[in-house]
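Examining the three-dimensional arrangement
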Amino acid sequence: MRWVVTGGAGFIGSHFVRTAVTEGWADHIVVLDALTYAGNLENLEPIGYKDGWEFIRGDICNPADVEAAIGSDTDAIFHFAAESHVDRSILSAADFVRTNVLGTQVLLDVARQRGVKRFVHISTDEVYGSLALDDSARFTETTPLNPTSPYAASKASADHLVLAACRTHGLDAVITRCSNNYGPYQFPEKFIPLFITNALDGTPLPLYGDGRNVRDWVHVDDHIRGVYRAWKHGRSGAVYNFGGDCERANRDIAARIVELLHVDPALIQRVADRPAHDIRYATDASLAKKELGWIPGPIIDERLPELISWYRDHRDWWQNIKAGAYRDYYERMYGRRGS
Ligand code: NAD
Ligand code: DAU
């Protein structure tokens, strides 16, 4: 079994590659990653450089890079590569359209030319838009797509292109749509690692708006095991939602982080809200449970202490990131928002 994993140096892709290599899910894995600001080879260091996987630095928008990674013997492509951060898409959407839309089409074209047996496209629940706060409805696979941010719109476009390749050209493809992930090696621009690392540094935790926005939290390990099951058991042309059955308001997660780290709650500072901030995500994973046999593991309340320990024990990893180019972004973002 020979696989290509795009975005395998990012947060979720690297968790997938580390687990796949460790557990022997494939004979050989080619990681194709451009190493943007979010890609980091340190995320793959735990598996070491050994037989079973190789790394190619390449851009999914460049057909030559993609052709170098995908061979006629490639059994599956797991497409994680993306520009993934909503706030950055609000600052500038061009890279999101380029990578998430054009890059996906380049991969689909090469996959078809090379006769790849299955294309697993990693999408997001954000393509569905927002749910009401005072409601119990959840996103299902038939919820109409109604993306809010440029990020979500670019991911919805990619989903349509994948389904079009499936219907028009008979490409065997499966789409997964997961809600918010947390876990080790998450880039510290995202809410949970940002709040944990800022709290460890004793710097403010910038909570957008009133902090009542709800996210449905899934551990990255649960997500990637769902992706694996979608490859193995999913129907071609199907979409599978993954969610943690774990809706939490941002302000409650922030309060828990402060409590677990024994830092001053006054570090949580309300800042200007994200424009068009989706108020609530909640994902119904009944189909994945029924057809893929997927079940999420322990909820975030049980896993937050071990996650905090991970960030405490991997200070070098995130401090290097925070001391690099990320600093300019941080100042632009949080300087602009100011409380
Ligand atoms: P990430 O930002 O941590 O990693 C993205 C990776 O893609 C990086 O390694 C980056 O170098 C690579 N990349 C970006 N542009 C590229 C290009 N043009 N060519 C090749 N590589 C490129 O993202 P993540 O949080 O790990 O998300 C992975 C996927 O999962 C994305 O498709 C995202 O939309 C989806 N997703 C994320 C979440 C979440 O909570 N983080 C939830 C559901 C779905
Ligand atoms: O739902 C899946 C999506 O989850 C993925 O598709 C995206 O790639 C991923 O980034 C994530 O999107 P969110 O916008 O929900 O995640 P983020 O970590 O940026 O924000 C989570 C919540 O926390 C959101 O309501 C905004 C809030 N927030 C975020 C940041 C960065 C803050 O209050 N302060 C912050 O500084």
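Residues numbered from 1 in each chain as written. Chains lettered and ligands numbered in written order. Predicted model: local features only at pLDDT ≥ 70, side-chain atom pairs only at ≥ 80, totals over all residues. Heavy atoms only, no water.

Concerning the overall build of the chain
- Within the chain, the secondary structure is distributed over 12 helices and 13 strands.
- Computed over C-alpha atoms, the radius of gyration of the chain comes to 19 Å, within 12% of the 20 Å expected from 2.2 N^0.38 for 339 residues, which places it in the range of a compact globule.
- Long-range pairs, those at least 24 residues apart, make up 83% of the contacts in the chain between residues at least 6 apart in sequence.
- Per element, the accessible surface of the chain, about 13500 Å² overall, is 49% carbon and sulfur.
- Positive and negative side-chain charges in the chain, numbering 37 and 45 respectively, have mean positions lying 2 Å apart. (Helix = DSSP H or I, 4+ residues; strand = E, 2+ residues; numbered from the N terminus. Rg over C-alpha atoms; globule rule 2.2 N^0.38 Å. Contact = heavy atoms within 4.5 Å. Areas by Shrake-Rupley, 256 points an atom, 1.4 Å probe, with all protein chains shown as cover. Lys, Arg positive; Asp, Glu negative; His and termini not counted. Charge placed at Lys NZ, Arg CZ, Asp CG, Glu CD.)

Regarding the packing of aromatic side chains
- Counted under the stated rule, the structure contains 27 aromatic pairs.
- Taking the centre distance of 4.1 Å and the plane angle of 20 degrees together, the rings of Trp-25 and Tyr-228 count as stacked. Separated by 203 residues along the polypeptide, Trp-25 in the loop between helix 1 (11-23) and strand 2 (28-33) and Tyr-228 in helix 7 (residues 220-233) bring together distant segments of the chain.
- Residue classification places Trp-25 among the buried residues on the basis of a relative accessible area of 11%.
- You can call Tyr-228 buried: its relative accessible area is 16%. (Phe/Tyr/Trp six-rings, centres within 6.5 Å; stacked < 30°, edge-to-face > 60°. Buried < 20%, exposed > 50% of the residue type's maximum accessible area, 1.4 Å probe, protein only.)

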